[in-house]
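These are the residues of each chain, in order.
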Amino acid sequence: MNKIPIVEMVGITKRFPGVVANDKVDLAIYSGEIHALLGENGAGKSTLMSILTGLYLPDEGDILLKGHKIDLTSPKDAVAHGIGMVHQHFKLIKPFTVAENIVLGLREQGLVYRRAEVEAKVLQYCDQFGVCIDPSAKVWQLTLGEQQRVEIAKTLFRGAEILILDEPTAVLTPQEAKELYQTLRRMAAQGKAVIVISHKLTEVLEGTDRITVLRGGRGVGTVKTADADERQLSQLMVGRQITGTTAKKSGIHGEKILELEKISCLGNRGQLAVRDVSFAVYGGEILGIAGIAGNGQSELAEAVAGLRPIETGQKRINNIDHTSSSPREIIAAGVSYVPEDRLGTGLAPSLDAVDNFILKSYGHKGMFIDWQAARKQTAETVKRFDIKLAALDNPVKMMSGGNLQKLLLAREIIANPQLLVVVYPMRGLDVGAMEAVRNLLITQRDEGKAVLFISEELDELFSLSDRIAVLHRGEIMGIVQPGQVTKEDIGLMMAGKRMWRHDADESV
């Protein structure tokens, strides 16, 4: 490691209305290292990196590049200095192809777009860095995991010497995350500096060289990864001990809330994404859905929520046929839905917290809305669910990922549903926010609600689920009880081994 940092941020302070996002933060980054930036949602990590990439101007402090002070007044300045960032919320043009998004804005591309030539170049470059994806696919056809890969490839394609990744593995499978860190390690070995904002302590401890922790907008310490452990980092991040476990009752006590009988539906590219899926979810249970990203989980959730047409089969809610029901009819039937794309599908990013909170109930409020009552209810909910935001009137796109997720969950839970469908609710959350989400789901379950919980994290599935259904290429490989199988068994099922256990489905 060089003695002089390639980038040094000294005394960085950034204020927004009602909040100090960064308070005299110091950060030194060296070439040839992978440096992790940890902290709770809202701790100021993304703001600090947005300053380093020219998106925000600091109110106080200096940025030094190779020992020389620089002024970054725009992202263009940052790119010119070899600084690139992959943001947590994607900045892609969905009607464009992967290749078009990657080369968009490159001067050397010129005015003429030679499709075959560009796609071949993108494929070659993606192969080099291990983030391969079909360059001819339209972005809107891709899963969130695939879209994240496009963002990573786009930044790598520009040859950044300092690469910043904001929650890069939040939408990746464990295998993809491992491959990503291998890619980052190769880049570091070539002398590049890599900064990773992450909440996944295991990944950070396995894949980085140094770790800086932020809490409440301030730096609370930088440690060598080799000298750190999860308990120490958790305490630094939240200022208290995180247990990592959540007590819950056992057994299924309620009536059958949701029943799917041999349903099939198509994906965005017209392919069969869900194939003859059958299962039931009961009040007082959490049914987990496991599977590698892109195996039909999102399409299944959308079919349950009424957002995706069911081609064949039947969907019943409380023994009433809702196979062809609209999303509004599904909501009226007592179903709440937390999608994986919280800022694109779940919330309207340019609207404020009050608008987003009453978004689903506009149709029930008649011609006029009692804004005073709506604001009061939103404020009470924000306080109850410990949602951190600068002001109720600010666009929600200014909130951190964890607080966005809590706002979305709060809105759906306040509706008092009989069935709560949640898709990847822990993605991008810090350990404190994950604990809050776990407790919310357990509370719903213990109150007799049915919860359909889709996750790719096996630890979460085993911790929270009463039963686990495993999807592979849109088919169910088995429905099992966590206490009767191992994670290796689930892994084999995710890879395509059928292990149907009738007792697990009929023990109710």
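Residues numbered from 1 in each chain as written. Predicted model: local features only at pLDDT ≥ 70, side-chain atom pairs only at ≥ 80, totals over all residues. Heavy atoms only, no water.

Turning our attention to the overall build of the protein chain. The secondary structure content of the protein chain amounts to 18 helices and 20 strands. Across the protein chain, the fraction of contacts at a sequence separation of at least 24, relative to all contacts at a separation of at least 6, is 67%. For the protein chain, the computed accessible surface area is about 22,300 Å², with 50% contributed by carbon and sulfur atoms. (Helix = DSSP H or I, 4+ residues; strand = E, 2+ residues; numbered from the N terminus. Contact = heavy atoms within 4.5 Å. Areas by Shrake-Rupley, 256 points an atom, 1.4 Å probe, with all protein chains shown as cover.)

On to a nonpolar patch on the surface. Where nonpolar side chains cluster on the molecular surface, the patch consists of I93, F96 and L104 and spans about 230 Å² of accessible area. Relative to the elements of secondary structure, I93 occurs in the loop between strand 6 (83-86) and helix 3 (98-103). (Patch = residues over 30% accessible without salt bridge, like charges linked within 9 Å, V, L, I, M, F, W, Y side chains within 5 Å. Salt bridge = Lys/Arg side-chain N within 4 Å of Asp/Glu carboxyl O.)

Here we take up the pattern of salt bridges. Following the criterion strictly, the structure yields 23 salt bridges and no others. The salt bridge involving D209 is made with R185; its shortest N-O contact spans 3.1 Å. With D209 in the loop between helix 7 (201-207) and strand 9 (210-215) and R185 in helix 6 (residues 174-189), the pair connects residues that are 24 residues apart, well separated along the chain. Accessibility expressed as a relative area gives 26% for D209, which makes it partly exposed. What makes R185 partly exposed here is its relative accessible area of 32%. A single salt-bridge network, built from bridges that share partners, covers K256, E259, E261 and R316. (Buried < 20%, exposed > 50% of the residue type's maximum accessible area, 1.4 Å probe, protein only.)

On to the nonpolar core, then. Counting 46 residues, the largest nonpolar core has V396, V422, L441, F453, I468 and I490 as the members making the most contacts within it. Setting aside chain neighbours within four positions, we find F453 in contact with I286, L287, G288, I289, V422, P425, L441, E460, L461, L464 and S465. L38, I102, L106 and L233 belong to the second largest nonpolar core, which has 42 residues in total. (Core = buried A, V, L, I, M, F, W, Y, C linked by side-chain atoms within 4.5 Å.)

Here 6 strands make up an open sheet; going across it, the order is 16-17-18-13-19-20 and the pairing mixed. Either end of the sheet is taken by a strand with one partner, and the two such strands are strand 16 (335-338) and strand 20 (475-480). Adjacent strand axes in the sheet meet at a mean angle of 15°, parallel and antiparallel pairs treated alike. Across 5 bridges, the pairing between strand 13 (residues 285-290) and strand 18 (residues 450-454) is parallel. The residue of strand 18 that forms the bridge with I286 is V451. Here helix 9 (residues 297-305) sits on the sheet in contact with strand 13, strand 16, strand 17 (419-423), strand 18 and strand 19 (467-472), set at roughly 155° to strand 17. Against the sheet, helix 14 (residues 401-414) contacts strand 16 and strand 17, and its axis sits at roughly 175° relative to strand 16. (Pairing = 2+ DSSP bridges. Axes fitted to C-alpha atoms, helices over the stretch in contact; angles between N-to-C directions.)

The first and last C-alpha atoms of helix 15 (residues 431-446) sit 22 Å apart over 16 residues, in line with the 22 Å expected at 1.5 Å per residue. Of all 16 residues that make up helix 15, 12 are buried, and the element is covered over most of its length. For helix 15, the full list of buried residues reads V431, G432, A433, M434, E435, V437, R438, L440, L441, I442, Q444 and R445. G448, located one to two residues past helix 15, shows a positive phi value of around 95°. (Expected span 1.5 Å × (residues − 1).)

In this section: the pairing of strand 20. Most of strand 20 is tucked away, with 5 of its 6 residues classed as buried. The pairing of strand 19 with strand 20 spans 5 bridges and is classified as antiparallel. When the sheet's bridge partners are listed, H472 is paired in strand 20 with E475.

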